Amino acid sequence: MLQTQINQWLTSNREHGVKLLQKLVQADSIQGNEQQAQKVVIKTLHKIGLKVDVWEPDGNELSKHPDFSSSRQEFIGSPNVVGILKGTGEGRSLILNGHIDVVPEGDLEQWEHAPYSGKIIDGKLYGRGATDMKGGNVSLLLALSALRALGIPLKGDVIFQSVIEEESGGLGTLAAILRGYKADAAIIPEPTNMKIFPKQQGSMWFQIQVKGLSAHGGTRYEGVSAIEKAFLVVEHIRELEKRRNERINDPLYSNIPIPIPINIGKIAGGDWPSSVADRVKLEGRMGISPEESMEEAKHEMESWLLTLKELDPWFNEHPVTLDWFGARWVPGAIDIEHVFVEKLTSCYQKVLGFAPIVEASPWGTDGGLLTKVGFTPTIVFGPGVTENAHFPNEYIEIDKVFEVAEIIALTIVDWCEVG
């Protein structure tokens, strides 16, 4: 039985898989420093026997695309890597997409072990990027390795992608799409805690400038505090968040308290303790539903802020200014009745013996770009837990990496078909 063969191969090659994950975690791959980790990926793809495509994205060219999102335009030393397993023909194709970039490690004093140690304790491998998402990437590589080692021919093509810049908005995946890499379906093994996400929230960053009138702190009543006005703006945004979320009735969001949050993440204002602040800058993140476009969400925020004057006449003469900047993640969704959802769910049940939890993602991924720009229906499913990503002492359970590898290997066979 094919499932037994795949399971036995993964069991026999467990040590190899763990060492591969350690190497990837030990290769610090924060933005601009991805090359060493990508070299590990390239070597692995050649060993599997895939055709390998390596290139550094052209930031100047990509910046012309409406979905471009990155804090930089130069990508020297930051390559994208794609491995292609050609099928025999007449089968459905599949993209296996994972990002190689990780967020910075943060305060080292909060780490019990060095952030890039790859240390293993009680079945968990620790290190920045272990759960988000090098563990998932290794699941993909192990699935491909197992199928190649077992000599299983496929009708459809399989396209493995190790991309940069996901943490900054998805430029690596956008570059792969524009290079021509599209398929009939895709899997992204982000840390979903083994849940299947057919929907992914999108998001974008915004900046709001709130105006006041400066005065001496001893006669503050002669001025208008931009800080106090900013409190009104924040509460007004909270009301918008409430209204937007009340419109969502999809059962996939039933376990998510706020499906599309609006988060104020940064506040700065005033320039002297003894002066009334005449300007405050708010920066935040607006969640976007898969059922709306980025432009529709922008328009709703813009229109809502215009109603501030109904709460306080100050805003009639001194309206806030709204700008959109920095990172953005396109929302995406695949129909829950899609045959690819059915096949992944079936393979999950075969391996683990019970049905998976299927719900919407509480955060953005590159799945939106694959779905809406690449026209590739995408599911997010992988090992690791969201609550662990971007945290100190990040880790992944090694057993989960191998469970996902087995599920994905079976899904590849079911979807692409044996040639």
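Keep in mind it's a predicted model, so treat the numbers as computed, not measured. (Residues numbered from 1 in each chain as written. Predicted model: local features only at pLDDT ≥ 70, side-chain atom pairs only at ≥ 80, totals over all residues. Heavy atoms only, no water.)

Participant: Would you mind showing me how to read the overall build of the protein chain here?
Facilitator: Helices and strands together make up the secondary structure of the protein chain, namely 12 helices and 16 strands. The globule rule puts the C-alpha radius of gyration for 419 residues at 22 Å, and the 23 Å found for the protein chain is close to it. Along the longest, intermediate and shortest principal axes, the C-alpha atoms of the protein chain span 80 × 45 × 40 Å. Per-residue burial for the protein chain yields a buried fraction of 56% across its 419 residues. The contacts of the protein chain with a sequence gap of at least 6 include a subset with a gap of at least 24, amounting to 83%. Accessible area for the protein chain stands at about 18,100 Å²; split by element, carbon and sulfur atoms hold 50% of it. The protein chain carries 40 positive and 56 negative side-chain charges, and their two centres are separated by 4 Å. (Helix = DSSP H or I, 4+ residues; strand = E, 2+ residues; numbered from the N terminus. Rg over C-alpha atoms; globule rule 2.2 N^0.38 Å. Buried < 20%, exposed > 50% of the residue type's maximum accessible area, 1.4 Å probe, protein only. Contact = heavy atoms within 4.5 Å. Areas by Shrake-Rupley, 256 points an atom, 1.4 Å probe, with all protein chains shown as cover. Lys, Arg positive; Asp, Glu negative; His and termini not counted. Charge placed at Lys NZ, Arg CZ, Asp CG, Glu CD.)

Participant: How should the sheet that holds strand S10 (residues 262-269) be read in this particular structure?
Facilitator: Whether parallel or antiparallel, the strands of a sheet pair through hydrogen bonds between backbone atoms. In spatial order, the strands read S10-S11-S9-S12; together these 4 strands make up an open sheet with antiparallel pairing. Across the chains shown, the open sheet's two edge strands, defined by having one partner strand only, are S10 and strand S12 (321-329). Taking the axes of each pair of neighbouring strands and ignoring which way they run, one obtains an average angle of 20° across the sheet. Bridge count for strand S9 (residues 202-211) against strand S11 (residues 279-288) is 10 bridges, and the pairing is antiparallel. Among the inter-strand pairings, Ser-203 is bridged to a residue of S11, identified as Gly-287. Sitting on the sheet, helix H7 (residues 226-246) touches S9, S10 and S11, and the angle it makes with S11 is about 10°. Its contacts with the sheet put helix H8 (residues 294-306) on S9, S10, S11 and S12, and the angle it makes with S12 is roughly 155°. (Pairing = 2+ DSSP bridges. Axes fitted to C-alpha atoms, helices over the stretch in contact; angles between N-to-C directions.)

Participant: Hey, could you run me through the UniProt feature "domain: Peptidase M20 dimerisation" (unreviewed entry) in the protein chain in this one?
Facilitator: The UniProt record annotates "domain: Peptidase M20 dimerisation" (unreviewed entry) at residues 200-307. Along residues 200-307 one finds 31% helix and 27% strand; the C-alpha atoms at either end are 30 Å apart. (UniProt positions renumbered as here; feature names shortened; annotations may be inferred.)

Participant: I'm lost on the nonpolar core in this one. Help?
Facilitator: One recurring pattern in soluble globular proteins: nonpolar side chains tend to sit buried together. Residues Leu-96, Leu-144, Leu-154 and Ile-412 are the most contacted members of the largest nonpolar core, which totals 88 residues. Among the elements that take part in this core, helix H12 (residues 398-416) stands out by supplying 13 residues, more than any other. Not counting chain neighbours up to four residues away, the residues in contact with Leu-96 comprise Leu-140, Leu-144, Val-158, Ile-159, Phe-160, Gln-161, Ile-187, Ile-408 and Ile-412. Membership of the second largest hydrophobic core comes to 27 residues, among which are Ile-208, Ala-226, Phe-315 and Leu-322. (Core = buried A, V, L, I, M, F, W, Y, C linked by side-chain atoms within 4.5 Å.)

Participant: Honestly, the packing of helix H5 (residues 130-149) against H12 in this entry has me stumped. Any pointers?
Facilitator: Helix-helix packing: each pair is described by the crossing angle between the helix axes and the interaxial distance. Where H5 meets H12, the axes come as close as 8 Å, and the angle between the chain directions of the two elements is 50°. Judged by the angle between their axes, H5 and H12 are oblique. For the pair H5 and H12, the crossing hand works out as right-handed. Mapping the contact onto sequence places Gly-135, Val-138, Ser-139, Leu-140, Leu-142, Ala-143, Leu-144 and Leu-147 in H5 and Val-401, Phe-402, Val-404, Ala-405, Ile-408, Ala-409, Ile-412 and Val-413 in H12. Partitioned by chemical class, the residues of the contact of H5 with H12 number 14 nonpolar, 2 polar and no charged. (Parallel < 35°, antiparallel > 145°, perpendicular 65-115°, else oblique. Left-handed = near helix turned anticlockwise from the far one by under 90°. Nonpolar A, V, L, I, M, F, W, Y, C, P; charged D, E, K, R; others polar.)

Participant: In this structure, what is going on with the packing of aromatic side chains? I would like to understand it.
Facilitator: Two aromatic rings are characterised by how far apart their centres lie and by the angle between their planes. Taken as a whole, this structure holds 9 aromatic pairs when the rule is applied. Judged by centre distance (5.4 Å) and plane angle (45°), the rings of Tyr-126 and Tyr-395 are tilted. Taken together, the positions of Tyr-126 in strand S5 (residues 124-126) and Tyr-395 in strand S16 (residues 395-397) put the pair 269 residues apart, joining distant regions of the chain. The buried category is assigned to Tyr-126, whose relative accessible area is 16%. Given a relative accessible area of 23%, Tyr-395 falls into the partly exposed group. Looking at Arg-14, its charged tip hangs above the ring of Phe-402, at a distance of 5.0 Å from the centre. The ring of Trp-415 is capped by Arg-92, whose NZ or CZ atom sits 4.1 Å from the centre of that ring. (Phe/Tyr/Trp six-rings, centres within 6.5 Å; stacked < 30°, edge-to-face > 60°. Lys NZ or Arg CZ within 6 Å of the ring centre and 35° of its normal.)

Participant: Explanation requested: helix H10 (residues 339-352) in the structure shown.
Facilitator: Because an α-helix packs 3.6 residues into every turn, residues spaced three or four apart end up facing the same way. With 14 residues, H10 should reach 20 Å at 1.5 Å per residue; the first-to-last C-alpha distance of 20 Å fits that figure. On its buried face, H10 is in contact with helix H1 (2-12), strand S3 (94-99), strand S7 (186-188), strand S8 (196-200), strand S15 (378-381) and H12. Of the residues one or two after H10, Gly-353 is the one with positive phi, at around 85°. (Expected span 1.5 Å × (residues − 1).)

Participant: What exactly am I supposed to notice about the environment of Lys-124 here?
Facilitator: Relative to the helices and strands, Lys-124 is located in strand S5. The class of Lys-124 is partly exposed, set by a relative accessible area of 26%. When the C-alpha atoms of Lys-124 and Ile-396 are compared, they prove to be 5.4 Å apart, with 272 residues separating the residues in sequence. Not counting residues up to four positions away in its chain, the partners in contact with Lys-124 are Lys-119, Tyr-395, Ile-396 and Glu-397.

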